[in-house]
Amino acid sequence: KRALLNQKIIKQMRMRAGAENLLKATSNNKVREQVVLELSYVNSDLQLLMEELEGLNSSVEVYQDVQETSSIPLIPLGLKETKDVDFSVALKVSFFHNAPSVDRNPSGIDLLANYFSQLGFLETRFFSPTRQIGIFFTWYDSFTGVPVCQQNISLEKASILFNMAALYSQIGTRANRQTQAGLEDAITAFQKSAGVLHYLKETFTHTPSYDMSPAMLSMLIRLMLAQAQECLFEQITLPGIRNEFFSLLRIAQEAAKVGETYSEVHQSMIQTPIKNNVPFFWTTMSELKTNHYNSLAHYFVSTALLDHQLYDAMPEGRSPLDILKDKAERRRIGKAHLQRSIMGHEEAIRTHSRCRHLQKLDILSDILQAGLKRSITKFEQNDKEDEFTDYMLAPDIISKTEKKAEMEIPAATKVKVKDLFQRLGPLSVFSAKQRWSAPRTIRLRLQDRDLGFTLKGDAPVQIQSLDPLCPAAAKGLKEGDYLVAVGDTECKWLGVSDVMKLLKDVDEEGVDIRVVSMLDSSSQPMPTKSATYGGLPKTYSMICLAHDEDDKKSHKVAKKPSFLSWGLKNKQKSGSTLSLPSADYNGPWNRPCPTYRNSYNESALY
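Since we're looking at a predicted model, the values are computed, not measured.

*Asks:* I'd like a rundown of the overall build of the protein, residues and numbers included.
*Replies:* When helices and strands are counted, the protein shows 16 helices and 13 strands. Summing over all exposed atoms, the protein offers an accessible surface of approximately 29500 Å²; the carbon and sulfur share of this is 50%.

*Asks:* Give me the lowdown on the confidence of the model for the protein, citing residues and values where you can.
*Replies:* Mean pLDDT over the protein stands at 75; residues scoring 70 or higher make up 75%. The low-confidence segment residues 552-606, where pLDDT is below 50, has 125 contacts with residues more than four positions distant or belonging to other chains.

*Asks:* How would you explain the packing of aromatic side chains if you had to name every residue and give the values?
*Replies:* Enumeration according to the criterion identifies 7 aromatic pairs in this entry. Aromatic side chains Phe245 and Phe246 sit 5.4 Å apart centroid to centroid with 90 degrees between the ring planes, which places their arrangement in the edge-to-face category. With relative accessibility at 10%, the residue Phe245 sits in the buried group. A relative accessible area of 57% means that Phe246 is categorised as exposed. Cation over ring: Lys335 sits above Phe379, and NZ or CZ is 5.4 Å from the ring centre. Arg374 extends its terminal NZ or CZ atom over the ring of Tyr299, reaching a point 4.7 Å from the ring centre.

*Asks:* Which residues make up the pattern of salt bridges, and what are the values?
*Replies:* Counted by the stated rule, this structure contains 14 salt bridges. For the salt bridge of Arg340 with Asp396, the shortest nitrogen-to-oxygen distance reads 2.8 Å. Remark: Asp396 occurs in the loop between helix H13 (362-381) and strand E5 (435-436) and Arg340 occurs in helix H11 (residues 327-354); sequence separation between them is 56 residues. Arg340 sits in the partly exposed class, given a relative accessible area of 24%. The closest approach of N and O atoms between Arg443 and Asp512, which form a salt bridge, is 3.1 Å. One end of the pair, Arg443, is in strand E6 (residues 440-444); the other, Asp512, is in strand E11 (residues 511-516), and 69 residues separate them in sequence. Each of the salt bridges in this network shares a partner with another, and the network as a whole consists of Glu490, Lys492 and Arg514.

*Asks:* Just give me the short version of the nonpolar core, but keep the residues and values in it.
*Replies:* Counting residues in each nonpolar core, the largest one holds 99 residues, and the members touching the most others are Leu220 and Trp282. When near neighbours in sequence (up to four residues on either side) are disregarded, Leu220 contacts Leu77, Phe143, Phe162, Leu197, Asp211 and Trp282. With 21 residues, the next largest nonpolar core counts Phe453, Ile463, Leu466 and Val511 among its residues.

*Asks:* Provide a residue-level description of the pairing of E11, including the pertinent values.
*Replies:* Taking burial as the measure, the 6 residues of E11 include 5 buried ones, the bulk of the element. Strand direction decides the pairing type here: E6 and E11, joined by 5 bridges, are antiparallel. Pairing of Thr441 across the sheet is with Arg514, part of E11.

*Asks:* Break down unusual backbone geometry for me, with residues and values.
*Replies:* For the peptide bond that leads from Thr272 to Pro273, omega is 5 degrees, which places it in the cis range. Mapped onto the elements of the fold, Pro273 is located in the loop between helix H8 (245-269) and helix H9 (280-307). At Ser465, a residue that is not glycine, the phi angle is positive and equals roughly 50 degrees. Inspection of the secondary structure assignment puts Ser465 in the loop between strand E8 (462-464) and helix H14 (471-474).

*Asks:* Quick one: what's the story with the side chain of Asn291, residue by residue and with numbers?
*Replies:* Among the secondary structure elements, Asn291 is positioned in helix H9. Accessibility expressed as a relative area gives 18% for Asn291, which makes it buried. If near-sequence neighbours (up to four positions away) are discounted, Asn291 is found in contact with Gly344, Glu347, Ala348 and Thr351.

*Asks:* Explain the side chain of Thr173 to me, and be specific about the residues and the numbers.
*Replies:* If you trace the backbone, Thr173 turns up in helix H5 (residues 153-174). Under the relative-accessibility criterion, Thr173 is labelled buried at 1%. A polar contact of 2.7 Å, which involves the side chain of Thr173, links it to the backbone oxygen of Ser169.

*Asks:* Give me the lowdown on the pairing of strand E3 (residues 137-140), citing residues and values where you can.
*Replies:* Residues Phe137 and Trp139 point to one face of E3 and Thr138 and Tyr140 to the other, with burial holding for every one of them. Pairing of E3 with strand E4 (residues 147-150) involves 4 bridges; the strand directions are antiparallel. In the strand pairing of E4, Tyr140 is matched with Pro147. The turn joining E3 and E4, which pair antiparallel and follow one another in sequence, is formed by 6 residues; a positive phi near 80 degrees is taken by Gly145.

*Asks:* Break down the environment of Leu225 for me, citing the residues and quoting the values.
*Replies:* Secondary-structure assignment places Leu225 in helix H7 (residues 214-237). For the pair Leu225 and Ala405, spaced 180 residues apart in the sequence, the C-alpha separation amounts to 5.8 Å. Apart from the residues within four sequence positions on either side, Leu225 is in contact with Ala194, Ala405, Glu406 and Met407.

*Asks:* With reference to specific residues and values, describe the environment of Thr441.
*Replies:* With respect to the helices, strands and loops of the structure, Thr441 is situated in strand E6. For the pair Thr441 and Arg514, spaced 73 residues apart in sequence, the C-alpha to C-alpha distance is 4.5 Å. Setting aside chain neighbours within four positions, we find Thr441 in contact with Asp512, Ile513 and Arg514.

*Asks:* Would you mind going over the packing of H8 against H9 in detail, with residue names and values included?
*Replies:* Contact geometry of H8 with H9 gives a least axis separation of 7 Å together with a crossing angle of 160 degrees. By the criterion of interaxial angle, the relationship of H8 to H9 is roughly antiparallel. Seen along the crossing, H8 lies across H9 with a hand that is left-handed.

*Asks:* Just give me the short version of H13, but keep the residues and values in it.
*Replies:* Spanning 20 residues, H13 covers 29 Å between terminal C-alpha atoms, matching the ideal 28 Å at 1.5 Å per step. Among the residues of H13, Ile363, Leu364, Ile367, Leu368, Gly371, Leu372, Ser375, Lys378 and Phe379 are the ones counted as buried.

*Asks:* If you had to explain the environment of Lys404 to someone new, which residues and values would you point to?
*Replies:* Among the secondary structure elements, Lys404 is positioned in the loop between H13 and E5. Residue Lys404 is classed as exposed on the basis of its relative accessible area of 51%. Put simply, Lys404 and Ala228 are 176 residues apart on the chain and 8.9 Å apart in space, counted from C-alpha to C-alpha.

*Asks:* Give a detailed account of the packing of H7 against H9, specifying residues and quantitative values.
*Replies:* Two elements in contact, H7 and H9, have axes whose closest approach is 13 Å; the angle formed by their N-to-C orientations is 35 degrees. Considering how the two elements wind past one another, H7 and H9 form a crossing that is left-handed. Taken together, the residues of H9 that come into contact with H7 (itself represented by Met219, Leu220, Leu223, Glu230, Phe233 and Glu234) are Trp282, Lys289, Tyr293 and Leu296. Classifying every residue of the contact of H7 with H9 by side-chain character gives 7 nonpolar, no polar and 3 charged.

Conventions we followed
Residues numbered from 1 in each chain as written. Predicted model: local features only at pLDDT ≥ 70, side-chain atom pairs only at ≥ 80, totals over all residues. Heavy atoms only, no water. Helix = DSSP H or I, 4+ residues; strand = E, 2+ residues; numbered from the N terminus. Areas by Shrake-Rupley, 256 points an atom, 1.4 Å probe, with all protein chains shown as cover. pLDDT = per-residue confidence, 0-100. Contact = heavy atoms within 4.5 Å. Phe/Tyr/Trp six-rings, centres within 6.5 Å; stacked < 30°, edge-to-face > 60°. Buried < 20%, exposed > 50% of the residue type's maximum accessible area, 1.4 Å probe, protein only. Lys NZ or Arg CZ within 6 Å of the ring centre and 35° of its normal. Salt bridge = Lys/Arg side-chain N within 4 Å of Asp/Glu carboxyl O. Core = buried A, V, L, I, M, F, W, Y, C linked by side-chain atoms within 4.5 Å. Pairing = 2+ DSSP bridges. Polar contact = N/O pair within 3.5 Å; in protein donor to acceptor, adjacent residues only side chain to side chain. Axes fitted to C-alpha atoms, helices over the stretch in contact; angles between N-to-C directions. Parallel < 35°, antiparallel > 145°, perpendicular 65-115°, else oblique. Left-handed = near helix turned anticlockwise from the far one by under 90°. Expected span 1.5 Å × (residues − 1). Nonpolar A, V, L, I, M, F, W, Y, C, P; charged D, E, K, R; others polar.

Right, here's the structure in full:
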């Protein structure tokens, strides 16, 4: 559903951009009137699609059976959608990036974690910090559906981390909160979600997608920790609440802590520009929970004051506590807390009625009505007809918790995996930071039982002390060349002793060796940006992959995908950031062109 909505949003944005361009270009009043009318239809359709996407982000029923639980529903974070990428165009190898489809369980987390770790190897081996290789990564904003396209693999890594955090939030939402074990799983999942989001915020500081902006990530971190704190409160109250003075005060402070955390979440949600992109369901739910848990705190304090007397006689050496000692004063303040509890529950019910997505949650309405009815009943039991004393305004309750929800960066962000391209050689040598010549095959023959050179270094070994008059030098062997193969044996991972064992049996006919030379990367200018691979400097890994495929004569290079390109009006935007304007973007787009210009600031989109 999310992928289909994203495609519809792109179509409407393209239509809106075209209409805006036509509106600026034409001077015919009749045409302008028709374009304005069509533009109003497009904007209306776009608004409906955005509301539909918001509804999808508000569908808590997808992640939890809200009818089977007596708890207030939690808010899951939706996964980002992406497009598949064919690496074969640039790398000349059958390596296809497929958007990971994951299950909402720990195995799904493991899959994303392994893929994230592989991206680190892929970045080091193929993606040079100074050269582009023509591979585009496209991801859709989780909240707006607006696509972002970059050649920078950091977008891919950041989006995978975002999805990992979203998956943790969905696992926490799906946990059985009617058991201690289920609540513990939910707490852990939400804390890990907050930890991954914090790691994303600190590691990737310039992400072009708005759902991964620092302000949005800070809000999401607060939301995940607030939901973890809510589960901690449910864990404390699950065995039941004892009707004892200090037990009631403890529960009141725990409820106040939950209300305080949700108040911080709500305040961050209503700040510009976050409020323009966060679903209205999220904003109203955080406001509702703020009022609900603060009302619970006032109810428990009032119950403690109205139903219990702390001391019959004050202990020696202690100053008297007038409020606790005087029954009438306790009763007066207790009723004031009850009034604040009633007002808070009523405000929560009004908030519930403002959001159509909240109105669909019958269990939420039942919980709010039960809380209000309980407070009213308690107030009526302690209300006397002959009592005309003006009620005071109850003070706020100091929040306190025995266990505060904290971020937990999971070990899944640093999973050790085997490099898929390990056969290409040690990553410390054969990385994208270096430029390499194509592998050269040289026939090696003995001359007076001498090879004409010596070897040095760990894997891979290098040629040193080369005799310029030896046959190998005459055939193109150079000082400093890396020896990558002897005969049919790959030796990129072999040390000097192992390579010498392969060379000691060289007879008069000789043996073929394969070497590569490191080129001077400083003399190569940074290439212009292109949508497809062509004429760009190759890394050693790309050369070896192409060489292997040429030998096999069996690889079919995938057809180059077609692209559609737009130039944004703002030429100051980063050349690697390719995105459609957001929903509230009013500026025109330039006319689409069928090919890419060789300008590093040019923008492009699938």
